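Spelled out from the first residue to the last, the chains are:
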Amino acid sequence: MSKVLLLLCFLAELLLLAQAHEHHKIGFYELKRGNFMLNFTNYGATIISVITPDKHGNLADIVLGYDSIHSYENDTCYFGALIGRVANRIGGAKFTLDGKTYKLSANDHGNTLHGGIRGFSDVVWSVKSHKEDSHITFTYNSFENEEGFPGKLKVSVTYMFIGTNKLGVKMIAKPVDKATPVNLAQHSYWNLRGHNSGDILSHIVQIFGSHITPVDKELIPTGQIQPVKGTPYDFLEPKEVGSQIHELPGLYDMNYVLDKRSKEHLSKVVVVRDPVSGRNLELWSNQVGLQFYTSVMLKDIKGKDGAIYHKHAGIVMETQGFPDSVNHPNFPSQVVNPGEIYKHYMLYRFTAS
């Protein structure tokens, strides 16, 4: 290939990237209804803070995060971000669809994690609509071959108040020209006592999932589906996060197969309670899986308000499709075809007693 042709190809690629990433201004946005307040940035369509009252009416921020955009740009924890095009892991950073093998960006021991080197958590989204006492909608146009994924994809996420104590999240994705896997997730770290209050091992959790998808040493699913009964993964009845954690390799980082699923209707996924503050959080969704993660990888992370986050500082609860579904035909498919619409709904309900 001639030097001129190489230069033209290089310039064309730069132009494509510039158009695709849509260099919008990074901003901060607030939703407020009474004493229920949230802050966002369009960098990664990220939740920065969630402020709610405890049982005495005292307000606290109950999600982990940073004070500056610079910190979010250099984040490796995905604090509060919208994850895509495919959340969680894809084994070997590749998959085959319609007879063609797609090689993806590898950013996790030869695998793809949370969309690749530059997933949806690291792009600047457009703000389509924002009403402070109601909702905010972010949009992003994912381009052909972004991180190796096929086709163009139009994505939106809306965070909205429902009543006085509920937060709804609506994620929509539409393939433009090719079939592609889609698995979006919301990646906030929750500590109901307050983001800077220490670990969550005394939080009481109930998960409405009677099976898990076990993983290998690289956290890639084996393809099996196993019951949780009689194992440390059993949260079918409420129990403290730390009650059996030492029977594991020091962590919870597992996909639960949720019971009573419906693509169109929400079902209760998980309930979390902090006995000290009295805060309760219910999560409802229409997804088939829940990644339950107790932030075992956090170590001396400088967070907002001068906080230093350590191991088990927060709980991540990502409703999702099963990890690595594109490589396991027995898992529910994540492939979405042109003309189809990916719909992912979440509902957080906050109370204190």
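Fair warning: this is a prediction, and the values are worked out from it, not measured in the lab. (Residues numbered from 1 in each chain as written. Predicted model: local features only at pLDDT ≥ 70, side-chain atom pairs only at ≥ 80, totals over all residues. Heavy atoms only, no water.)

### Quick notes on unusual backbone geometry
Leaving glycine aside, a negative phi is the common case for residues, and trans is the common case for peptide bonds. Our working rule: Numbering of helices and strands runs from the N terminus; a helix is a DSSP stretch of H or I covering at least four residues, while a strand is a stretch of E covering at least two. Burial classification: accessible surface area is computed with a 1.4 Å probe over protein chains only, and a residue below 20% of its type maximum counts as buried, one above 50% as exposed, and the rest as partly exposed.
A cis amide bond links Gly84 to the next residue, Arg85, at an omega of 5 degrees. Mapped onto the secondary structure, Arg85 falls in the loop between β5 (81-83) and β6 (89-90). The phi dihedral of Ala45 falls on the positive side, at around 45 degrees, and the residue is not glycine. Mapped onto the secondary structure, Ala45 falls in the loop between β2 (36-41) and β3 (46-53). If you check the backbone angles, Asp305 has positive phi at about 55 degrees while not being a glycine. Within the fold, Asp305 resides in the loop between β25 (301-302) and β26 (308-309). According to the relative accessible area criterion, Asp305 is exposed, its value standing at 57%.

### A closer look at the UniProt feature "active site" (unreviewed entry) in the chain
For clarity, the cut-off: UniProt positions are given in the numbering used here, feature names are shortened, and annotations may be inferred rather than shown by experiment. Grid points spaced at 1 Å and placed over the protein atoms alone form the basis of the search, with a cavity being a set where a 1.4 Å probe fits but cannot get out and a pocket an open set showing protein on both sides within 12 Å along at least five of seven lines. Lining residues have an atom within 4 Å of a point. Residue contacts follow a heavy-atom distance rule, with two residues in contact if any of their heavy atoms lie within 4.5 Å.
The UniProt record marks His187 and Glu318 with the feature "active site" (unreviewed entry), using the residue numbering of this structure. Taken together, the annotated residues stretch across 132 residues yet fold into one region, lying no more than 6.1 Å apart by C-alpha. For the largest pocket, the lining residues among the annotations just cited are His187 and Glu318. Position of His187 relative to the elements: it lies in strand β15 (residues 185-187). The class for His187 is buried, based on a relative accessible area of 3%. If we skip the residues at most four places from it in the chain, His187 touches Cys77, Tyr78, Phe79, Gly80, Ala81, Ile83, His114, Val316 and Glu318.

### Re the packing of aromatic side chains
What counts here: A pair of Phe, Tyr and Trp rings is counted when the ring centres sit within 6.5 Å of each other, with Trp represented by its six-membered ring. The angle between the planes then sorts it: under 30 degrees is stacked, over 60 is edge-to-face, the rest tilted.
In the structure shown here, the tally under the stated rule is 25 aromatic pairs. Note on Phe40 and Tyr159: the rings are 4.8 Å apart at their centroids and 35 degrees apart in plane angle, and the pair reads as tilted. Of the two residues, Phe40 sits in strand β2 while Tyr159 sits in strand β12 (residues 153-162), which places them 119 residues apart along the sequence. Here the two residues Phe40 and Tyr159 agree in accessibility, since each one is buried. Aromatic pair Trp190 and Tyr348: ring centres 5.2 Å apart, planes at 45 degrees, arrangement tilted. Here Trp190, found in strand β16 (residues 189-190), pairs with Tyr348, found in strand β29 (residues 342-352); they are 158 residues apart in sequence, far enough to count as distant. Each member of the pair, Trp190 as well as Tyr348, carries the same accessibility label: buried. One aromatic cluster in this structure is built from Tyr66, Tyr72, Phe79, Tyr189, Tyr293 and Tyr309.

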